[in-house]
Amino acid sequence: MRYQGREMDVDGRVRMVMESGLTARDRVGVQDFVLLENFNSEAAFIENLRRRFRENLIYTYIGSVLVSVNPYKDLEIYSKPQMERYRGVSFYEISPHIYALSDNTYRAMRTERKDQCIMISGESGAGKTEASKKILLYYAVTCPTNDHMAMLGDRLLQSNSVLEAFGNAKTLRNDNSSRFGKYMDVQFDFRGAPVGGHILNYLLEKSRVVHQNHGERNFHIFYQLLDGGDDELLITLALERNPQNYTYLVKGNCPRVSSLSDKNNWKVVMKALPVIGFTEEEVQKLLNIIASVLHLGNTQFGEGEEGETHITTETQINHVTKLLGVDGSALREALTHKKLTAKGEEIISPLNFEQAMSARDALAKAVYRRTFTWLVQKINQSLALKQDEIYQSSKGSSVIGLLDIYGFEVLLQNSFEQFCINYCNEKLQQLFIELTLRSEQEEYETEGIAWETVQYFDNKIICDLIEEKHKGIISILDEECLRPGETCDASFLEKLEDTLGGHPHLVTHKLSNGKTRRAVSREEFRLLHYAGEVNYNVNGFLDKHNDLLNRNLKEVMCQSDNQILRHCFRRKEVTDQKRPEMAATFFKNSLTKLMEILMSKEPSYVRCIKPNDAKQPGRFDEVLVRHQVKYLGLMENLRVRRAGFAYRRRFEAFLQRYKPLCPETWPNWHGSLADGVSTLVNHLGYNEDEYKLGRSKIFIRFPKTLFTTEDALEAKKPDIALTLQTSWRGYRERAKYQRIRHAVLVIQSAWRGMKARRRAKKRRQAAELIRRFIKGFIYRHEEYGPENDYFLDHVRCSFLKNLRKNLPKSVLDKSWPTPPPSLVQASEYLRLLHMRNMVVKYCKNVQPEWKKQMMQKVVASEIFKDQKDNYPPSVGRLFLDTRLEREQISLKVIQTLGNEKVQYGVSVIKHDRKGYKPRPRQLLLTHTFAVLVDRTKIKQRMDYTALRGISVSALSDGMFVLHMPSEDNKQKGDVLLHCSHVIEVVTKISMMASKVNYVNVNAGSIRFAVARGKEGIIDFVRGPELKVTKGKRGHLLVTAPEINTT
Ligand SMILES: Nc1ncnc2c1ncn2[C@@H]1O[C@H](COP(=O)(O)OP(=O)(O)OP(=O)(O)O)[C@@H](O)[C@H]1O
Ligand SMILES: [Mg+2]
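Residues numbered from 1 in each chain as written. Chains lettered and ligands numbered in written order. Predicted model: local features only at pLDDT ≥ 70, side-chain atom pairs only at ≥ 80, totals over all residues. Heavy atoms only, no water.

**Some thoughts on the overall build of the protein chain**
- Along the protein chain, the regular secondary structure elements total 38 helices and 31 strands.
- Taking 1046 residues into account, the globule formula puts the C-alpha radius of gyration at 31 Å, and the protein chain, at 70 Å, lies well above it.
- Along the first, second and third principal axes, the C-alpha atoms of the protein chain reach 220 × 80 × 55 Å.
- Out of the 1046 residues in the protein chain, the part that is buried amounts to 51%.
- Sequence separation of 24 or more characterises 64% of the internal contacts of the protein chain that already satisfy a separation of 6 or more.
- Total accessible area on the protein chain stands at roughly 50,800 Å², and carbon and sulfur atoms take up 52% of it.
- The positive charge centre, built from 157 side chains, and the negative charge centre, built from 127, are 20 Å apart in the protein chain. (Helix = DSSP H or I, 4+ residues; strand = E, 2+ residues; numbered from the N terminus. Rg over C-alpha atoms; globule rule 2.2 N^0.38 Å. Buried < 20%, exposed > 50% of the residue type's maximum accessible area, 1.4 Å probe, protein only. Contact = heavy atoms within 4.5 Å. Areas by Shrake-Rupley, 256 points an atom, 1.4 Å probe, with all protein chains shown as cover. Lys, Arg positive; Asp, Glu negative; His and termini not counted. Charge placed at Lys NZ, Arg CZ, Asp CG, Glu CD.)

In structure tokens, the structure reads:
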């Protein structure tokens, strides 16, 4: 239920704000009257209103009803930012406002998918129309929209200014008083966007067209046209600018209103009309009608000698004829004659002067009223949903209705209009009682709270008095009008007295006595309305109810060439014999329909109050306000709300707010909510009669209890703040720590994940490698190919790497890593290459002496290697440049040698060729010959050129033979020499003689020439030691020891 729905809001966090506002209650009062301590006191009620009014707080709630006091000044509370403040915020959450109500209604419509209506009531000038405009503006600005919808919102707003121009007038109470009731539906689609609108209008005060009280005006449009219309327009309409020239505008003697600018408003209206969809032609026709009403007012009649009437102002009637597009003579005739149908025959009878005047006025009123109705229809067409949108929008669409209807009216003289208006208010009050009481009662029932019935005044009895069939005042009016015979207002009054005499709410002069009798005149009847007593003067009741327009006038109008008029006056109406509904009956029926509309919707209420009659800001007229509070039924409203309990709250909300006040419930209550609340209130010391616990809510009877609790909470707040601060800080730090921890974990796991992935990848690669390696190993002997390429490459590569590290460092180092089979050849090339490199390097670094030595050693190697036993031991010993020092050689010998320098000298044993006698000698070598020297004497010279050969044995002895020719005089033949440096000596001689190839190493014996043709033999044997002895057969026997080479 909506009403309850609101209460749920109340019970939610929304009250928080209210309650926090309680502290300021001394200055600004309470923002919900329900919290008013002395709710029965009208004075307290008004005082609260006054306090708030003084602070420009014009809105106050009574539960879900919004009370609004007209500030008569512009307050800065209707701006767009203000709208935003209230948008989507719960009712009560912030200070009371018409936007809060609008928004709440809108959201209720959206969430509950139920049509809503906002009923705005209050007396004239209390701000109803302003409130409805604020609501419309709120929806136009805040609802979701598109281009089309924006246009619709524009039309909704613009239609207001048009309706106000034609339907509003300056009255004594309000410069812009709505002289008709208005109910407007705004249709929203399933998205909550406004998509259409519809207006119902009620009871336009048409009498104003022909008559205004002093200080009042006719409808604004007349003045706007005269003031704002340009000269050309006025000429076409045959109008003059001065309103004082028009009978219908002079009655109130008030052509201007200071708070209104007719000129500007005219512009606004003329701009609005095309927006709403009026064509230029329609606007022209409309203005023709407005102008014709003024001309009609100036139409005068004269009375003939026989009492017949005629029109005296030809120009005026001509204007009317022209502007309305009707037949002139027919109009003249119809204004002065009446057509009656008696027994099927038409009779035309002339009208007397008064009748003609009232026929004229009736025509003016009818034309204006019907045009106004046409205008509303036209606006409705423009606001209506387009055909193709109807289907779309009907799905899930909802409606918000706005009722801006006249409030209870009590004038000095109250007539038929006031009767209707007040009847309307009775009906609305009835609806209000129905809906509010019912919902209140339902709430107590659902909560299981014993409900003591509130005594409130049910105004059904008054509604019945007015509307009951056959017995009600309206029925009696009907009857009086239709009854044959003479009827008049007085007879109606009599009939009332006869039929309803004794009714507790009806008083007439005749029916009353004493004091009351004096208060009610003979022409009046008094109704005791729910809001107060009102005397109605019966004069004019029948006429106004009858609302007759002569049939012949209707006929003339039907034939007009002005399409608006043709639309307003249907032919059917003239031909139809059935009597149309009379005014009050029509009004009653349309009210019944309105009630049905309102009943089908969830209502919200705005009760407007006017603070003073002078339309002044800041003035609070207590008497006036009290009067309105009374007839708006506000006290009653409050009493009903407070009948049971002033304040209710869901358990959880109550506990949540006040739990700090009780140690058992603070900071958390773990038991059931009801127990928690019970514990809390016991701790707070609530008396039994102060509160009741329902099923889900606590009900507090007196606001004082709540205020005390609230004050206690206020006092406790610093403690709570401290606790909250501490726990909040703790929470914040914990949360921060958790966040950091979480971050660390995330980073850690990401890092670990990455590491593991890397490791896994490595392992995978390693496994792959091993697999390839093993496979390669298996296929190592196959052709190089994908199966074994890796293995073979690896083997080669590792061999080469290994080789690089283990290359031999010197030419003598013969080590070399074993190559894999596939690299044997390459390895050999490399080895040779390396060796050559080393040799080249070595050679480059060799010193000249060493080179010489080497060359000699090479030659020695060439000669003796593997030939002679004592060669290997000689390899490691250096050849010396000479084995004889200079001083060891005789100077004489040197001198004898002359230029030939001794290159080498060594001590040798010379064995004679015969006898083999050993003789120590020096062997000296020069460049061209060798000499044997016996101390100072050169014994033998051996030219190298003559040297025929050199023989040595293969054993380890030092014997060598220089084969020299003996036939030559110069030479003495072969020379047998023994030297312990045989390898060195032989090498040197062969080199100096350049006869390396002449050296013979003999395995067996050496033959030598002793003399011409005679030769000696040297035998060589192995023996224990070196011995040179004479052998058998004249041979020289040389025993050479075995040399252990290992
Ligand atoms: N909320 C408001 N803020 C400022 N001025 C306001 C407000 N409400 C009303 N008024 C002033 O009061 C005047 C009368 O208000 P409004 O026309 O709404 O009264 P009403 O209740 O519709 O009267 P009626 O029944 O005569 O039509 C407005 O023209 C405006 O000057
Ligand atoms: Mg109004």
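What follows picks up the thread again.
**Focus: the pairing of strand E11 (residues 345–350)**
- Here strand E10 (residues 337–342) runs beside E11; their pairing, made up of six bridges, is antiparallel. By the bridge assignment for E11, lysine 339 is matched with isoleucine 348.
- Where E10 folds back on E11, the antiparallel hairpin that results is connected by two residues, among which lysine 343 adopts a positive phi of roughly 50°. (Pairing = 2+ DSSP bridges.)

**Describing the layout of surface pockets**
- Roughly 810 Å³ of internal volume is contained in the second largest pocket.
- Together, 37 residues line the second largest pocket, and Asn70, Tyr72, Gly127, Glu130 and Asn174 are the ones closest to its centre.
- No other element matches the five residues that helix H6 (residues 128–142) contributes to the lining of the second largest pocket.
- Class assignment of the residues belonging to the lining of the second largest pocket gives a composition of 14 nonpolar, 12 polar and 11 charged. (1 Å grid on protein atoms, 1.4 Å probe; cavity = no way out; pocket = protein on both sides within 12 Å on 5 of 7 lines; lining within 4 Å. Points joined across faces, edges and corners; volume = space filled by probe spheres on them. Nonpolar A, V, L, I, M, F, W, Y, C, P; charged D, E, K, R; others polar.)

**Re a negative patch on the surface**
- Together, Glu303, Glu305, Glu306, Glu308 and Glu354 make up a region of like negative charge exposed at the surface.
- When its relative accessible area of 55% is taken as the criterion, glutamate 354 is described as exposed. (Patch = residues over 30% accessible without salt bridge, like charges linked within 9 Å, V, L, I, M, F, W, Y side chains within 5 Å. Salt bridge = Lys/Arg side-chain N within 4 Å of Asp/Glu carboxyl O.)

**Regarding the packing of aromatic side chains**
- Tallying each qualifying case throughout the model produces 32 aromatic pairs.
- Ring plane angle 45° and centroid distance 5.5 Å describe the contact between phenylalanine 53 and phenylalanine 620, whose orientation is recorded as tilted. Residue phenylalanine 53 is found in helix H3 (residues 42–54), and its partner phenylalanine 620 is found in the loop between strand E16 (602–609) and helix H28 (622–631); the two are separated by 567 residues along the sequence. Residues phenylalanine 53 and phenylalanine 620 agree in their burial class; the two are buried. (Phe/Tyr/Trp six-rings, centres within 6.5 Å; stacked < 30°, edge-to-face > 60°.)

**Observations concerning the site of ligand 1**
- Every one of the 17 residues lining ligand 1 counts as a neighbour, but Ser124, Lys128, Thr129, Ser177 and Ser178 are closest to it.
- Within the backbone of alanine 126, an N or O atom sits 3.3 Å from an oxygen atom of ligand 1.
- With respect to ligand 1, the side chain of serine 177 contributes an N or O atom lying 2.6 Å from an oxygen atom.
- Coverage of ligand 1 by the protein chains reaches 87% of its 630 Å² of free accessible surface. (Near = heavy atom within 4 Å. Polar contact = N/O pair within 3.5 Å; in protein donor to acceptor, adjacent residues only side chain to side chain.)

**Description of the side chain of threonine 508**
- Among the structural elements, threonine 508 can be located in strand E13 (residues 506–508).
- For threonine 508, a relative accessible area of 0% translates into the label buried.
- When residues no more than four places from it in sequence are discounted, the contact partners of threonine 508 are Leu493, Glu497, Val520, Glu524 and Phe525.

**Here's the deal with helix H12 (residues 262–276)**
- In a regular helix each residue adds 1.5 Å, so 15 residues correspond to 21 Å; H12 covers 20 Å between its end C-alpha atoms and thus fits that length.
- By the burial criterion, the buried members of H12 are Asp262, Trp266, Val269, Ala272, Leu273 and Ile276. Along the axis of H12, the buried residues cluster in a sector spanning 130°; they form a single face. Facing away from the buried side of H12 by over 90 degrees, the exposed positions are Lys267 and Lys271. (Expected span 1.5 Å × (residues − 1). Arc of directions from axis to C-beta.)

**Observations regarding the coordination of the magnesium ion (ligand 2)**
- Listed as protein donors to the magnesium ion (ligand 2) are Thr129 (OG1) and Ser178 (OG); their distances from the metal cover 1.8 to 2.1 Å. Separated by 49 residues along the polypeptide, threonine 129 in helix H6 and serine 178 in strand E5 (residues 177–178) bring together distant segments of the chain. Each member of the pair, threonine 129 together with serine 178, is buried. (Donors = N, O, S within 2.8 Å, 3.2 Å for Na, K, Ca; no water.)

**Topic: helix H5 (residues 98–112)**
- With 15 residues, H5 extends 21 Å from end C-alpha to end C-alpha; this agrees with the ideal 21 Å at 1.5 Å per step.
- The element H5 is extensively covered by neighbouring structure, given that 11 of its 15 residues are classed as buried.
- Three or more residues of H5 are buried, namely Ile98, Tyr99, Ala100, Leu101, Ser102, Asp103, Asn104, Thr105, Tyr106, Ala108 and Met109.
- Positive backbone phi, approximately 55°, marks arginine 113, located one or two places after H5.

**Thoughts on empty space enclosed by the protein**
- A full pass over the atoms with the stated rule returns eight cavities of 30 Å³ or more.
- Lining the largest cavity are 17 residues, and of these Ser121, Asn425, Leu428, Gln429 and Arg607 lie nearest its centre.
- For the lining of the largest cavity, the secondary-structure elements that each account for two or more residues are strand E3 (116–122), helix H18 (416–447) and E16.
- Residue composition of the lining of the largest cavity, by class: 11 nonpolar, five polar and one charged.

**Some details on a nonpolar patch on the surface**
- Side chains of Leu769, Ile770, Phe773, Ile774, Phe777, Ile778 and Tyr779 sit close together on the surface and give an oily, nonpolar patch of about 640 Å² of accessible area.
- As for its placement among the helices and strands, isoleucine 774 is situated in helix H32 (residues 703–778).
- Relative accessible area serves as the criterion here: at 46%, isoleucine 774 is assigned to the partly exposed category.

**A short note on the sheet that holds strand E14 (residues 524–529)**
- Judged by pairing direction, the sheet is antiparallel, and its three strands sit side by side in the order E13-E14-E15 without closing on themselves. Of all strands in the sheet, those with a lone pairing partner are E13 and strand E15 (532–537), marking the two edges. Within the sheet, the average angular offset between the axes of one strand and its neighbour, ignoring direction, is 25°.
- Where E13 lies against E14, three bridges are found, and the strand directions are antiparallel. What sits directly across from threonine 508, in E14, is phenylalanine 525.
- With respect to the sheet, helix H19 (residues 460–467) is in contact with E13 and E14, its orientation differing from that of E14 by roughly 150°. (Axes fitted to C-alpha atoms, helices over the stretch in contact; angles between N-to-C directions.)

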